[in-house]
Structure formats: C-alpha cells, structure tokens
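# Chains, contacts and geometry: an overview
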Amino acid sequence: MDLYLIPGLGTDRRLFSRLRLEGPHVHFLEWPRFEAGCTLADVAEKLAQAVDNTRPHAIIGVSMGGMVAQELALLTQPRMVVLISSITGPQELPFFLRMTKRLKLHYLITDRTVRISWPLRRYFGVRNNEISSLLVEMATLEGGTQIRRGTDAIVRWRGSRWKGPLVRIHGSADRVLPQQFPVDHVLPGGAHTMVITRGNEVTHLLLSALQAFVAKEEGGPGGREEVSS
C-alpha cells in the first residue's frame with residue numbers, strides 16, 4: 001500500500017524527517033501555492049495530481065494536512081485516512097480559532113508577524129533548538145501570505161465528508177488543537193508538533209494503526225487468513 005503524507009501549514013516534507021518511514025511506497029506531498037480565497041477542497045484537487053489512485057494507498061495528514069487529506073480522499077478513494085494532530089470539522093476547533101474566524105485575526109499574518117511570533121514556539125511544544133530552527137526556516141520559506149491563506153481556508157472549512165476508514169492519532173498536550181474529541185490513539189504528553197519532536201513514538205503508533213487495518217481487511221470475509229503450522 002502506497003503512503004501519501006501531507007505536512008502541516010507552514011511546513012514541508014521535512015516535518016516528517018524524524019519518522020522512520022522509507023521506501024518507494026512512501027510519498028511526501030508538497031503544498032501548492034494557495035490562491036486568494038481558496039478552499040481546502042481546492043488545495044486537495046491540486047494535490048490529487050500527484051496521487052496514483054490506481055494503486056491501493058493511504059493518506060496521512062498532520063494538522064491542516066489532515067483536513068486536506070479528508071478532502072483528497074474524496075477524489076482518490078484511499079483504503080484509509082490517518083489524521084495526526086488534526087480535526088474532522090469546525091466543531092472541533094478551539095475557541096481561539098473560532099474567534100480568529102469571527103474577528104478575521106488571520107489577516108494579521110504577514111512575513112514579519114510570522115518571524116516575530118516564533119518566540120511563542122513553546123505553545124506548539126517545541127523545546128529543541130535544532131527542531132525550532134527547522135520549523136522557523138520552513139515557516140519563513142512558506143511565507144506569511146501562504147500561511148494566512150491557509151488559515152483562512154481552515155476557518156472556512158465546513159468539515160469532512162469522507163465516510164471511509166479513518167484513524168486518529170493525537171497528543172494529550174496539544175495546545176493548538178486540544179484533544180476534546182474521541183481519537184483512536186493518544187500519545188501522552190504529545191504536543192501539536194509531536195510528529196517531529198517525538199518521531200519514534202509517532203512512527204510506532206502510525207505503523208501499528210496501518211498494520212492493524214491491513215490485518216483486519218485480510219482477515220475479513222473473503223480475505224486472507226493467517227494459518228499457523
């Protein structure tokens with residue numbers, strides 16, 4: 001099964017650099033440039049061009065990437081979707097993001113505010129200087145306009161219409177998207193950036209979820225059953 005991974009807003013494929021995933025079946029999708037007024041569905045339509053939907057695949061998304069993954073799934077029909085530090089709809093947005101939409105606070109996001117706001121990195125659960133520098137570099141390269149338009153698409157999102165298999169992995173210490181909703185796997189003490197700050201543990205949860213899904217499918221009606229000798 002091919003794996004397609006979508007990073008969070010303001011990051012790129014390097015967000016996954018501490019996951020233990022490799023091989024020709026692993027594909028890292030990169031954000032297109034966001035047009036003014038774009039929706040998450042618009043973004044998914046562009047990403048769909050990089051997905052081979054003739055092959056069995058799973059889509060894995062972090063934060064905004066998880067939201068886009070659910071839109072992309074409608075187009076490519078994966079075997080499953082995995083959300084990491086993400087949500088399924090506006091009902092799961094925290095208060096500050098709902099207020100961001102109401103007061104249009106995201107319009108204040110510019111290249112300058114992206115740079116000067118990074119001292120708040122601990123809010124995202126970042127305490128390692130090397131990781132912090134990488135996240136700053138990625139956010140700077142993405143730019144204020146890209147992050148502002150992405151945030152605008154998030155707060156306008158009406159929620160997931162994906163009805164297929166969905167697995168959720170979330171950190172108990174996520175301050176950006178606090179875990180106030182049911183999930184399948186909780187990483188104790190995991191922050192919003194746990195995919196890079198605690199890569200080994202997230203890898204274990206992700207691979208366990210994928211293996212459990214495949215085993216369930218193969219052991220179901222008409223599937224392959226393991227026979228012990």
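Structure's up top.
Only a predicted model underlies this, so the values are computations on that prediction, with no experimental measurement involved.

### What about the nonpolar core?
Side chains of a nonpolar character, in soluble globular proteins, are inclined to be buried together. Ile6, Trp31, Leu47, Val68 and Leu72 are the most contacted members of the largest nonpolar core, which has 32 residues in total. Of all elements in the fold, only β1 (2-6), α1 (40-47), α2 (64-76), β4 (80-84) and α6 (144-156) reach the threshold of two or more residues within this core. Looking at which element gives the most residues to this core, the answer is α2, with six residues. Counting 29 residues, the second largest nonpolar core, distinct from the first, contains Leu15, Val62, Ile84 and Leu135.

### Brief notes about the packing of aromatic side chains
Summed over the entire model, instances satisfying the criterion amount to two aromatic pairs. Ring geometry for Trp31 against Phe34: centres 5.6 Å apart, planes inclined by 75°, an arrangement best described as edge-to-face. The class of Trp31 is buried, set by a relative accessible area of 10%. Phe34 sits in the buried class, given a relative accessible area of 4%.

### Section: the sheet that holds β4
Across a sheet, paired strands are connected by hydrogen bonds in the backbone, their directions being either parallel or antiparallel. If you walk across this open sheet you meet the six strands as β2-β1-β3-β4-β5-β6, and the pairing is parallel. Unpaired on one side and paired on the other, β2 (26-28) and β6 (185-187) mark the two borders of the sheet. Direction aside, neighbouring strands of the sheet carry axes that sit 15° apart on average. When strand β3 (residues 57-62) meets β4, the two strands line up parallel, connected through five bridges.

### Overview of α1
Inspection of α1 places Leu40, Val43, Ala44 and Leu47 among the buried residues, and these make up the whole buried set. The buried side chains of α1 occupy one side of the element, clustering within an arc of 100° when seen end-on.

### Topic: the environment of Phe213
Looking at the element boundaries, Phe213 is found in helix α8 (residues 199-218). Phe213 sits in the buried class, given a relative accessible area of 14%. Sequence-wise, Phe213 and Val202 are 11 residues apart; in three dimensions their C-alpha atoms are separated by 17 Å. Discounting chain neighbours no more than four positions away, the residues touching Phe213 are Arg79, Met80 and Pro165.

Calculation notes
Residues numbered from 1 in each chain as written. Predicted model: local features only at pLDDT ≥ 70, side-chain atom pairs only at ≥ 80, totals over all residues. Heavy atoms only, no water. Core = buried A, V, L, I, M, F, W, Y, C linked by side-chain atoms within 4.5 Å. Buried < 20%, exposed > 50% of the residue type's maximum accessible area, 1.4 Å probe, protein only. Helix = DSSP H or I, 4+ residues; strand = E, 2+ residues; numbered from the N terminus. Phe/Tyr/Trp six-rings, centres within 6.5 Å; stacked < 30°, edge-to-face > 60°. Pairing = 2+ DSSP bridges. Axes fitted to C-alpha atoms, helices over the stretch in contact; angles between N-to-C directions. Arc of directions from axis to C-beta. Contact = heavy atoms within 4.5 Å.

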